[in-house]
Amino acid sequence: MAAHFGFIAVSVGEILRAQTLRRVASDKKWELIAKIIANGELAPSETTVEELKQQFIKHPKAKGFVVDGFPRDIGQAFLCEEQVGSPDVVVFLACSSQQLRQRLKGRAQEQGRLDDNPHAIERRLETFKQNAQLIGKYYQEKGTLVRFDADGEEDEIFAAISSCIQQRLQPERKRILDLPLQSFFSPCQDSPKEEQRKEQPDPHLQKASVSGQPPRTLI
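Residues numbered from 1 in each chain as written. Predicted model: local features only at pLDDT ≥ 70, side-chain atom pairs only at ≥ 80, totals over all residues. Heavy atoms only, no water.

1. Section: the overall build of the protein chain
Reasoning step 1: Across its full length, the protein chain carries nine helices and six strands.
Reasoning step 2: Residues classed as buried in the protein chain amount to 48% of the 219 residues present.
Reasoning step 3: Sequence separation of 24 or more characterises 76% of the internal contacts of the protein chain that already satisfy a separation of 6 or more. (Helix = DSSP H or I, 4+ residues; strand = E, 2+ residues; numbered from the N terminus. Buried < 20%, exposed > 50% of the residue type's maximum accessible area, 1.4 Å probe, protein only. Contact = heavy atoms within 4.5 Å.)

Below is the structure:
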């Protein structure tokens, strides 16, 4: 997605994992964060937002950023707006718990990530359930939230998101940290979908849908 728009991709989870590997042996703070992440818990908001901010600072000439896996709770959203700025678009991906577990197990086999162990996966799903509705409502009220069904084929999901982002991004650039940027955050890549939830039409999603029908939605 970042390459498609000429933006820089930032994975908050990858940044935190890289920092723990590099600093865990000499820094007690990161030793604690490593244990928190391995247990499926959220890293401290202050640390998470600071690491994200540093990525923006490192790329002063960036056309924009795609920030993956952020925010994970409403506190991260508030702190980011206070210290960094507001995203132009927030992409909310809804995925069934069964599909999500299968994908995470496959990722664990391929990448060997410590935080993809069964206990951590279930803990992350539970954390998401506790935070997703509030995050979704917050960005929905700001008019920046777009939602997609992530249970489908990867190519179809990519096409739908790309179409919507193209329409939603404004020609003028937004200033974050005194840098001219456009950005969009993905708060819930690992989101489970509520069962038996009725589909509701959404004008933003109708524009983004490949088939012309609104994708299923989740808050």
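2. Things to note about the pattern of salt bridges
Reasoning step 1: Following the criterion strictly, the structure yields six salt bridges and no others.
Reasoning step 2: The partner of D27 in a salt bridge is R23, with the nearest N and O atoms 3.5 Å apart.
Reasoning step 3: A relative accessible area of 22% means that D27 is categorised as partly exposed.
Reasoning step 4: Across the pair R101 and E122 runs a salt bridge whose closest N-O atoms are separated by 2.7 Å. Placement of the pair is R101 in helix α6 (residues 97–111) and E122 in helix α7 (residues 118–142), with a sequence separation of 21 residues.
Reasoning step 5: A relative accessible area of 28% places R101 in the partly exposed class. (Salt bridge = Lys/Arg side-chain N within 4 Å of Asp/Glu carboxyl O.)

3. Quick look at a negative patch on the surface
Reasoning step 1: A contiguous patch of negative charge, built from E153, E154, D155 and E156, is present on the exposed surface.
Reasoning step 2: Following the sequence through the fold, D155 ends up in helix α8 (residues 154–168). (Patch = residues over 30% accessible without salt bridge, like charges linked within 9 Å, V, L, I, M, F, W, Y side chains within 5 Å. Areas by Shrake-Rupley, 256 points an atom, 1.4 Å probe, with all protein chains shown as cover. Lys, Arg positive; Asp, Glu negative; His and termini not counted. Charge placed at Lys NZ, Arg CZ, Asp CG, Glu CD.)

4. Describing the confidence of the model for the protein chain
Reasoning step 1: Chain-level pLDDT for the protein chain is 78 on average; 77% of the residues reach the 70-or-more range.
Reasoning step 2: The model gives residues 172–181 a pLDDT under 50, and that stretch makes 32 contacts with residues more than four places away or in other chains.
Reasoning step 3: The low-confidence segment residues 188–219, where pLDDT is below 50, has 79 contacts with residues more than four positions distant or belonging to other chains. (pLDDT = per-residue confidence, 0-100.)

5. Quick word on the packing of helix α2 (residues 12–23) against helix α3 (residues 28–38)
Reasoning step 1: In contact at an axis separation of 9 Å, α2 and α3 are set at 135 degrees when each is read in the N-to-C sense. Here α2 lies oblique to α3, going by the angle between them. Both α2 and α3 take part in a crossing whose hand is left-handed. Contacts from L16, Q19, T20 and R23 in α2 reach W30, I33, A34 and I37 in α3.
Reasoning step 2: Residue classes in the contact of α2 with α3 are distributed as five nonpolar, two polar and one charged. (Axes fitted to C-alpha atoms, helices over the stretch in contact; angles between N-to-C directions. Parallel < 35°, antiparallel > 145°, perpendicular 65-115°, else oblique. Left-handed = near helix turned anticlockwise from the far one by under 90°. Nonpolar A, V, L, I, M, F, W, Y, C, P; charged D, E, K, R; others polar.)

6. Describing the environment of A132
Reasoning step 1: By secondary structure assignment, the location of A132 is in helix α7.
Reasoning step 2: Take A132: its relative accessible area is 5%, and that puts it in the buried class.
Reasoning step 3: Here the alpha-carbon distance between A132 and R72, two residues 60 residues apart in the chain, equals 8.0 Å.

7. Side note on the packing of helix α4 (residues 45–58) against helix α5 (residues 74–83)
Reasoning step 1: Running from N to C, α4 and α5 cross one another at 45 degrees; their axes reach a closest spacing of 10 Å. One element, α4, and the other, α5, form an angle in the oblique class. Here α4 runs over α5; the crossing is right-handed. Residue-level inspection shows S45, E46, T48, V49, E50, L52 and K53 of α4 in contact with α5, the latter providing G75, Q76, L79, C80 and Q83.
Reasoning step 2: Partitioned by chemical class, the residues of the contact of α4 with α5 number four nonpolar, five polar and three charged.

8. Quick word on α5
Reasoning step 1: All of the buried residues in α5 are I74, Q76, A77, L79 and C80.
Reasoning step 2: One side-chain oxygen of the residue at the start of α5 lies 3.2 Å from the amide nitrogen of G75, identifying that residue as D73.
Reasoning step 3: Phi turns positive, to about 145 degrees, at G85, one or two residues after α5. (Polar contact = N/O pair within 3.5 Å; in protein donor to acceptor, adjacent residues only side chain to side chain.)

9. Thoughts on the pairing of strand β2 (residues 64–68)
Reasoning step 1: The buried count for β2 comes to four of five residues, which makes it a mostly enclosed element.
Reasoning step 2: The pairing of strand β1 (residues 8–11) with β2 spans four bridges and is classified as parallel. Its bridge partner being in β2, S11 is matched across the sheet by D68. (Pairing = 2+ DSSP bridges.)

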